[in-house]
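Letter by letter, the chains look like this.
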Amino acid sequence: MLELVIEGRRKDLGGGLEVGRVLPFARRRMIGPFVFLDHMGPADFAVGEGIDVRPHPHIGLSTVTYLFEGEIHHRDNLGTSQLIRPGAVNWMTAGAGIVHSERTDPQQRAQGGPMHGMQAWVALPQADEESDPGFVHYAAATLPEFSENGVWARLIAGSAYGLTNGVKTHSPLFYLHAELAAGAKLALPANHTERAAYIVSGSVSHDGTSYGAGRMLVFVPGGEPVIAAENGPARIMLLGGESIGERFIWWNFISSRRERIEQAKADWQAGRMKLPPEDNAEFIPLPDDPPLPPGRAHRD
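The text that follows walks through the structure, step by step, so that each part is easy to find. What you see is a predicted model, and the numbers here were worked out from it, not measured in a lab.

Calculation notes
Residues numbered from 1 in each chain as written. Predicted model: local features only at pLDDT ≥ 70, side-chain atom pairs only at ≥ 80, totals over all residues. Heavy atoms only, no water. Helix = DSSP H or I, 4+ residues; strand = E, 2+ residues; numbered from the N terminus. Rg over C-alpha atoms; globule rule 2.2 N^0.38 Å. Buried < 20%, exposed > 50% of the residue type's maximum accessible area, 1.4 Å probe, protein only. Contact = heavy atoms within 4.5 Å. Areas by Shrake-Rupley, 256 points an atom, 1.4 Å probe, with all protein chains shown as cover. Pairing = 2+ DSSP bridges. Axes fitted to C-alpha atoms, helices over the stretch in contact; angles between N-to-C directions. Salt bridge = Lys/Arg side-chain N within 4 Å of Asp/Glu carboxyl O. Phe/Tyr/Trp six-rings, centres within 6.5 Å; stacked < 30°, edge-to-face > 60°. Lys NZ or Arg CZ within 6 Å of the ring centre and 35° of its normal. Polar contact = N/O pair within 3.5 Å; in protein donor to acceptor, adjacent residues only side chain to side chain. Core = buried A, V, L, I, M, F, W, Y, C linked by side-chain atoms within 4.5 Å.

## Observations regarding the overall build of the protein
- Helices and strands together make up the secondary structure of the protein, namely two helices and 25 strands.
- Relative to the compact-globule value of 19 Å for 300 residues, the protein shows a C-alpha radius of gyration of 19 Å, a close match.
- Referenced to the eigenvectors of the C-alpha coordinate spread, the extents of the protein come out at roughly 60 × 45 × 35 Å.
- In the protein, buried positions account for 55% of the 300 residues.
- Sequence-distant contacts, at least 24 apart, represent 69% of the contacts inside the protein between residues at least 6 apart.
- Total accessible area computed for the protein in this model is approximately 12,800 Å², and 49% of it derives from carbon and sulfur atoms.

So, in structure tokens, the structure goes:
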């Protein structure tokens, strides 16, 4: 049974890129441990265009960036420098604190081209909120897939449909990329309490009602709700898991304790969180920070 339908709120970030914010939502802040979900693009960058997300901090979560098309260069203050490409899993655990940037490489920017993908934030259980930060890259070829009756799916993380993989997670969850041929049906996994399906492209039906791209279907616990691709193929992201409790969310900071977020704000504002060694000429100030003085694009 369907509990809620969430429609992504589209925002133009400039440079030819639109992002659809799905989570958090006023009536449903989290799905299992998933506290944030953005649909990036699809975009087709002109020559000279790309993304430039300056260095910024995180605490209390893991981020996973997953691309269908294009490329993003991830750098962080652990010294990681990793090109993110389609189908691979790039799992960054902020824990006690990490700073990273996401940009289009000069070589890719010089030729332009498509960019399309998803970014999710997974809140950490209280016992892991202050864990050491880390970043792990998993190539697409290492991730399990299944294909049957017009459905192809890749397990990004967690466990579902009898599949597991080596992506380290901190609580029970599932996250999959599925492609459905026209008319193909897929039941959501029954072994997780909280479950949702985000429609990236195409349209699907559930219990006789049609839902188009940019919407997330949130299901009540229990049973095996079925979705079906309608007049053409559909691309779906399936996600969910077990609740880890409520979280405070402010900007890029996630915590079970409000005072921890205040500490993170103070640490970033005071320059106590170092910038990536390969990308330290600028950073994103706190949203309520005053504008930087002319000529000051980095911390002293």
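## Structural notes on the sheet that holds strand 10 (residues 98-103)
- The strand order across the open sheet built from four strands is 5-10-7-8, with neighbouring strands paired in antiparallel fashion. One side of each edge strand has no neighbouring strand; the edge strands of this open sheet are strand 5 (52-58) and strand 8 (81-84). Averaged over all adjacent pairs, the angle separating strand axes in this sheet is 20 degrees, with direction ignored.
- By the bridge criterion, four bridges tie strand 7 (residues 72-76) to strand 10 in an arrangement that is antiparallel. Bridging from a neighbouring strand, H74 pairs with E102 of strand 10.

## Considering the pattern of salt bridges
- Summed over the entire model, instances satisfying the criterion amount to 20 salt bridges.
- Put simply, E278 and R75 hold a salt bridge, and the shortest N to O gap is 3.5 Å. Taken together, the positions of E278 in the segment after helix 2 (258-269) and R75 in strand 7 put the pair 203 residues apart, joining distant regions of the chain.
- According to the relative accessible area criterion, R75 is buried, its value standing at 14%.

## Considerations on the packing of aromatic side chains
- Applying the stated criterion to the full structure yields eight aromatic pairs.
- An aromatic cluster is built from W250, W251 and F253, whose rings are joined through pairwise contacts.
- In this structure, R235 is placed above the aromatic ring of F68, and the distance from its NZ or CZ to the ring centre is 4.4 Å.
- The ring of W250 is capped by K265, whose NZ or CZ atom sits 4.3 Å from the centre of that ring.

## Points about the side chain of R247
- When you line up the elements, R247 lands in the loop between strand 23 (234-241) and strand 24 (248-250).
- Taking the relative accessible area as the measure of exposure, R247 reaches 11% and is therefore buried.
- Engagement of the side chain of R247 in a polar contact is seen with the backbone oxygen of I244, the distance being 3.4 Å.
- Among residues more than four places away in sequence, those in contact with R247 are M30, A123, L124, P125, Q126, E129, I254, S255 and S256.

## Looking at the nonpolar core
- Ranked by size, the top nonpolar core spans 30 residues in total, and within it L37, Y175, M216 and M237 carry the most contacts.
- Ignoring any residue separated from it by four or fewer positions in sequence, one finds M216 in contact with L4, V5, I6, V22, L23, I31, L37, A196, A197, Y198 and L239.
- Judged by nonpolar contacts, the second largest core, of 24 residues, contains V151, A160, F174 and F219.

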